[in-house]
Amino acid sequence: MTKTYLLRHRFNQAEPIRIQLDACPFGLGGILMIKGRVTEFFTSDLTELDFTKFQHKRGDAAGQQIWECLALLVCLRVWARFGKQGRCKLEVTGDSM
């Protein structure tokens, strides 16, 4: 068994990974940028299960903070493989952050 330590991780020289996300009372979306270039994106409609689980109605802005947090959770799950490659600098931006 071996463990490899990279010098760039020790000195926090990893390339930044930026996630930009947004949500509204109808859906979620996110963009993944690596080295300043858009690498991937996703969009997803909110489902009836989402509205039932979080007790908000479709189109009602009262749940906006919940939808923004849900968008972040979805982004982290969809793009978890990028963080598992070693240390990274994760930058997250959204209009509610």
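Residues numbered from 1 in each chain as written. Predicted model: local features only at pLDDT ≥ 70, side-chain atom pairs only at ≥ 80, totals over all residues. Heavy atoms only, no water.

*Asks:* Break down the nonpolar core for me, citing the residues and quoting the values.
*Replies:* Ranked by size, the top nonpolar core spans 15 residues in total, and within it Ile19, Leu28, Leu32, Leu46, Trp67, Cys75 and Trp79 carry the most contacts. Contacts of Leu28, omitting those with residues within four sequence positions, involve Asp22, Ala23, Phe42, Thr43, Ser44, Leu46, Trp67, Leu70, Ala71 and Val74. (Core = buried A, V, L, I, M, F, W, Y, C linked by side-chain atoms within 4.5 Å. Buried < 20%, exposed > 50% of the residue type's maximum accessible area, 1.4 Å probe, protein only. Contact = heavy atoms within 4.5 Å.)

*Asks:* Any details on the environment of Gly29? Residues and values, ideally.
*Replies:* Relative to the assigned elements, Gly29 resides in strand β2 (residues 27-34). Separated by 15 residues in the primary sequence, Gly29 and Ser44 have C-alpha atoms spaced 6.3 Å apart. With residues near it in sequence (within four places) discarded, Gly29 still touches Gln20, Leu21, Asp22, Phe42 and Thr43. (Helix = DSSP H or I, 4+ residues; strand = E, 2+ residues; numbered from the N terminus.)

*Asks:* Give a description of the pairing of strand β1 (residues 16-24) that names residues and reports values.
*Replies:* The alternating pattern of β1 places Ile17, Ile19, Leu21 and Ala23 on a buried face, while none of Pro16, Arg18, Gln20, Asp22 and Cys24, on the opposite face, is buried. One ladder, built from six bridges, connects β1 with strand β4 (residues 89-94); its direction is parallel. Bridging across to β4, Ile19 finds its partner in Val92. The pairing of β1 with β2 spans eight bridges and is classified as antiparallel. Counted as the bridge partner of Ala23 is Leu28 from β2. (Pairing = 2+ DSSP bridges.)

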